[in-house]
Amino acid sequence: MGGRGWRAWVRGALLSACVVATGSPVAAEEDGPPVALKLPRDVSIHGDRRVDDYFWLRERDNPAVMWHLRAEAAYTERWYAARSGLVQTLLTEMTARVPAAERSEPVRQAGWWIGTRIEPGQQYPAYVRQRAAADGRWSAEAPVQTMLDLNELARGRAYLAVPEPRMSPDGRLLQYGIDDSGARDHTLRVRDLSTGRDWPWQVSGGDGQAAWAADSRTLFYVTTDAAKRSHRLWRQTWGAQPSRPVLVFEERDPLFNLVLQGTDDGRYLMLTSAAKDRNEVRVLRSDRPTGPWQRLLPRQAGRELRVEHHQGQWLLLANDRGPQFRLLRWPVQRPLRHWADLGRAEEWVAHRDDTLLEGLTVFQTHVAVQVRSGGSVGQRLLPVAGGPAVEVDFGQTGNFTAMALVPGDGTKLGLNRDPALPWLRVQLQSQTQPPAVVDVDLATARPTIRRVREVPGYDASRYATERLWATAADGTRIPVSLVYAKAPRLGGPQPLLLKGYGAYGLPSDPRFSSVELSLLDRGVIVAIAHVRGGGDLGRPWYHAGKLDRKMNSFTDFVAVAEHLVAQGYTRPEQLAATGGSAGGVLMGAVVNLRRDLFRAVVAEVAFLDVINTMLDETLPLTTEEFIEWGNPKKPQEYAWMRAYSPYDNLQPGAYPAMLLTTGLNDSQVPYWEPAKYVAKLRTLKTDTRLLLFDIDLQVGHGGASGRFDQLKGEARTAAFLLTELGVAGAP
């Protein structure tokens, strides 16, 4: 034995002795990956023998755990250091596409126009406002007041997340929350906008949700339990002296979280106890903050209700006649006691099997309904006074004909705050078009582009998109969205990155990504597999990929990959896959199903240790997600998970090159899930392909928070993909 091998043997022997004395993990090679110590723990259940050698990596306070995590980070850093030129090139490209300064299109609320501004070089936005003119219009000459500058809050903090601040109805106060760890622990504060100073009042343990009552002196807010479940609603009132917080409601069922909102017209506050397949809505007159909360309908498995208010009527999206919801009107003065009462409600829009009614935005003269059909999203305008519904034709926006509407509350709450306005504001984007703010005239349904996000140097004409359909084993057609640069697209196989998610009914709508341009410009095709389990084709699409049908998500992804190979877009040696969070289950399961189909895989903040996590009810998200994944304490549901749990189904063999990322403070998918997965895979893989574990010791689930800091992680991921795919320009 001589040379490097001899030195490694001596070092290994010394470290083995250190393990006996201190419990520190072992490094197998001087410059090789760290090898975690095996401490077998029996985690068997239902007669199925399972031994977890790396359960101990959950012990964050154990010095040996931190030793191992730092060793993994150092190993990853050595790989990136050898490719620092590529990483810097990519980072420079991505940074150049970020405009020096950014302005949002202002929105009107309570006599003010509110927006955000980012000055040159700044990482974070500042929330600003301008007084509306006498006729309610916005004037560029109106003085600008900075309400909250996140750059000031970020000083001295490695991480900062601030949910959208909430201004009181009288415009005097601003409520906001700060998460400075990434662990979703918010400290709630109130700022006096006349002085710019925060009140001494603050509350820790918040989840970022808060809502003002009409008196502008009463604030309702939500706090979480030890498992990060939003479970308590509090009321805080300020007068001559602030009152003590009053506990208004506590949700005791571990399947449910609280969601606090206000109706579009500000007349009511809504508290929803929400589970994955049912909810229960309570409402309170906003001008009677100490009054009783009225429950609209009792919770019932499989039944969901979404509520708005308009001129003395409840507008109800209900799934009592089918999973895609119907729209009803019901007088506020008539109590609702049972779901059967909805049989007597006025039906405004009937249920249709092929169209999901996704949300409402309420105005004085119209109600806008967001609809999803055939994988596309649109807006339907309903005149309150009667008359036919009108589908908005976004093709009138010219180059934005291919854009998809951004779904969900992000559109509704962020862009529409004044029901007296004569337009609906939406955001449009596609894989080739940056986000655009579009106002739709309610009277004519005509859309007008107000602002398009600036992407310096970007030319949309250089890129193209396609929509394909792959066929799953059971005959289901799976939509696929592709984007690529036209110049390198010669019709033959190319490097291709296939993205997927497929959980919680959340759609993976095609969206613009400026960072992916660095891949497209190097000839990489980027595709999205709209697998079952997501909400891409409505609620039935979601139901077809959860619980006992979860395997559909994984086989759909494989079917899409096979289709792209069969159609000549790529080859297995040129094919990479990526998914994050719940999409990490997708990545891990797909790798176990078809290791031969992919050259490289990126799993970001990945959910991988499904059974062990779902057995631990003290962890965030566990109990509430029994309706999503199942409860492994039940033998039948355990069997569902046992068939696909990525960590439990690792086997000896050759694997794709893999990059796993995480943040030490992640409270949604704890760091130990990818840490355990990597440790176990290192002992099983028979190939020499790369396995990297990129852990950031200062952030949580969302990664870095500043707009430039976020790009550092994007550049590292892109460097990994380009290197493994053998793209020209990568070492």
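Residues numbered from 1 in each chain as written. Predicted model: local features only at pLDDT ≥ 70, side-chain atom pairs only at ≥ 80, totals over all residues. Heavy atoms only, no water.

A. Molecular detail of the overall build of the protein. Within the protein one finds 14 helices and 40 strands. Taking 2.2 N^0.38 as the reference for a compact globule, 731 residues should give roughly 27 Å; the C-alpha atoms of the protein span a radius of gyration of 26 Å, in line with that estimate. In terms of overall dimensions, the protein has C-alpha extents of about 85 × 60 × 55 Å along its principal axes. Per-residue burial for the protein yields a buried fraction of 59% across its 731 residues. In the protein, the share of contacts with a sequence separation of at least 24, taken over all contacts with a separation of at least 6, comes to 57%. Put simply, the protein shows about 29400 Å² of open surface, and 50% of that area lies on carbon and sulfur atoms. Side chains of the protein carry 88 positive and 82 negative charges; the gap between the two charge centres is 2 Å. (Helix = DSSP H or I, 4+ residues; strand = E, 2+ residues; numbered from the N terminus. Rg over C-alpha atoms; globule rule 2.2 N^0.38 Å. Buried < 20%, exposed > 50% of the residue type's maximum accessible area, 1.4 Å probe, protein only. Contact = heavy atoms within 4.5 Å. Areas by Shrake-Rupley, 256 points an atom, 1.4 Å probe, with all protein chains shown as cover. Lys, Arg positive; Asp, Glu negative; His and termini not counted. Charge placed at Lys NZ, Arg CZ, Asp CG, Glu CD.)

B. Spatial organisation of the packing of helix H3 (residues 84-96) against helix H14 (residues 709-724). Where H3 contacts H14, the axes come no closer than 8 Å and their chain directions differ by 125 degrees. Classified by the angle their axes make, H3 and H14 are oblique. Crossing angle aside, the handedness with which H3 passes H14 is right-handed. Taking contact as the criterion, the partners of Leu86, Val87, Leu90, Leu91, Met94 and Thr95 in H3 are, on H14, Leu711, Lys712, Glu714, Ala715, Arg716, Ala718, Ala719, Leu722 and Thr723. Broken down by class, the residue content of the contact of H3 with H14 amounts to ten nonpolar, two polar and three charged. (Axes fitted to C-alpha atoms, helices over the stretch in contact; angles between N-to-C directions. Parallel < 35°, antiparallel > 145°, perpendicular 65-115°, else oblique. Left-handed = near helix turned anticlockwise from the far one by under 90°. Nonpolar A, V, L, I, M, F, W, Y, C, P; charged D, E, K, R; others polar.)

C. Inspection of the packing of aromatic side chains at higher detail. Tallying each qualifying case throughout the model produces 15 aromatic pairs. Consider the rings of tryptophan 79 and tyrosine 80, whose centres lie 4.9 Å apart with planes at 85 degrees: the pair is edge-to-face. Just as tryptophan 79 is buried, tyrosine 80 falls in that class too. When the ring centre of tryptophan 112 is taken as origin, the NZ or CZ atom of arginine 129, which lies over that ring, is 3.6 Å away. Across the ring face of tyrosine 80, the terminal group of arginine 716 is positioned such that the distance to the ring centre comes to 4.1 Å. (Phe/Tyr/Trp six-rings, centres within 6.5 Å; stacked < 30°, edge-to-face > 60°. Lys NZ or Arg CZ within 6 Å of the ring centre and 35° of its normal.)

D. Quick look at the nonpolar core. The biggest cluster of nonpolar side chains holds 82 residues, and the ones touching the most others in it are Leu498, Phe557 and Trp629. Leucine 498 has contacts with Ala527, Ile528, Ala529, Phe557, Val560, Ala561, Leu564, Leu575, Ala576, Ala577 and Thr578, leaving out every residue within four places of it along the chain. Counting 29 residues, the second-largest nonpolar core is a separate cluster that includes Leu86, Val98, Ala657 and Ala719. (Core = buried A, V, L, I, M, F, W, Y, C linked by side-chain atoms within 4.5 Å.)

E. Broad picture of the sheet that holds strand E22 (residues 313-318). The four strands lie next to each other as E21-E22-E23-E24, forming an open sheet whose pairing is antiparallel. On the outer flanks of this sheet lie strand E21 (305-310) and strand E24 (346-349), each paired with one strand and no other. Adjacent strand axes in the sheet meet at a mean angle of 30 degrees when their direction is disregarded. (Pairing = 2+ DSSP bridges.)

F. Structural context of unusual backbone geometry. With a phi close to 50 degrees, glutamine 311 is a non-glycine residue in the positive phi region. Mapping glutamine 311 onto the fold places it in the loop between E21 and E22. Unlike most non-glycine residues, serine 581 shows phi in positive territory, near 60 degrees. For serine 581, a relative accessible area of 17% corresponds to the buried category.

G. Fine view of the pairing of strand E36 (residues 525-529). Here E36 lies mainly inside the structure; five of its five residues are buried. Alternating positions in E36 separate into two faces, Ile525, Ala527 and Ala529 on one and Val526 and Ile528 on the other, with burial throughout. Bridge count for strand E34 (residues 477-485) against E36 is four bridges, and the pairing is antiparallel. Bridging across to E36, valine 483 finds its partner in valine 526. Alignment of strand E35 (residues 496-499) against E36, held across four bridges, turns out to be parallel.

H. Representation of the side chain of glutamine 130 within the structure. Among the structural elements, glutamine 130 can be located in strand E8 (residues 126-131). When its relative accessible area of 5% is taken as the criterion, glutamine 130 is described as buried. For glutamine 130, the side chain forms a polar contact with the side chain of tryptophan 138, separated by 2.8 Å. Within the local environment of glutamine 130, its side chain forms a polar contact with the backbone oxygen of alanine 142, the two atoms lying 2.9 Å apart. Aside from chain neighbours lying at most four places away, what touches glutamine 130 is Trp112, Trp113, Arg117, Trp138, Ser139, Ala140, Ala142, Pro143 and Val144. (Polar contact = N/O pair within 3.5 Å; in protein donor to acceptor, adjacent residues only side chain to side chain.)

I. Here's a closer look at the pairing of strand E26 (residues 366-373). Where burial is concerned, most of E26 is hidden: seven out of the eight residues are buried. Once strand E25 (residues 356-362) ends, the chain turns through three residues before running back antiparallel as E26. Relative to strand E27 (residues 376-383), E26 runs antiparallel, the two sharing eight bridges. By the bridge assignment for E27, arginine 372 is matched with valine 377. Where E26 hands over to E27, the hairpin turn is made up of two residues, of which glycine 374 adopts a positive phi near 60 degrees.

J. View of the environment of lysine 634. Topologically, lysine 634 is positioned in the loop between helix H11 (626-629) and helix H12 (635-642). Assessed through its relative accessible area of 46%, lysine 634 is described here as partly exposed. As a C-alpha pair, lysine 634 and glutamate 152 span 482 residues in sequence and 50 Å in three-dimensional space.

K. Summary view of the side chain of histidine 231. Along the chain, the position of histidine 231 falls in strand E15 (residues 230-237). We classify histidine 231 as buried; its relative accessible area is 7%. There is a polar contact of 3.4 Å between the side chain of histidine 231 and the side chain of arginine 232. Look past the residues within four positions of histidine 231 in its chain and what remains in contact with it is Val222, Thr223, Thr224, Asp225, Phe249, Glu250, Glu251 and Leu258.

L. Just the sheet that holds strand E40 (residues 691-696), in detail. If you walk across this open sheet you meet the eight strands as E33-E34-E36-E35-E37-E38-E39-E40, and the pairing is mixed. Strands at the two margins of the open sheet, each flanked by one partner only, are strand E33 (463-471) and E40. Here the strands of the sheet are splayed against their neighbours by 20 degrees on average, with no regard to which way each runs. Inspection of the sheet shows strand E39 (residues 657-663) paired to E40 by six bridges, in the parallel sense. Pairing of threonine 662 across the sheet is with isoleucine 695, part of E40. This element, helix H2 (residues 63-81), spans E39 and E40 of the sheet and lies at about 115 degrees to E40.

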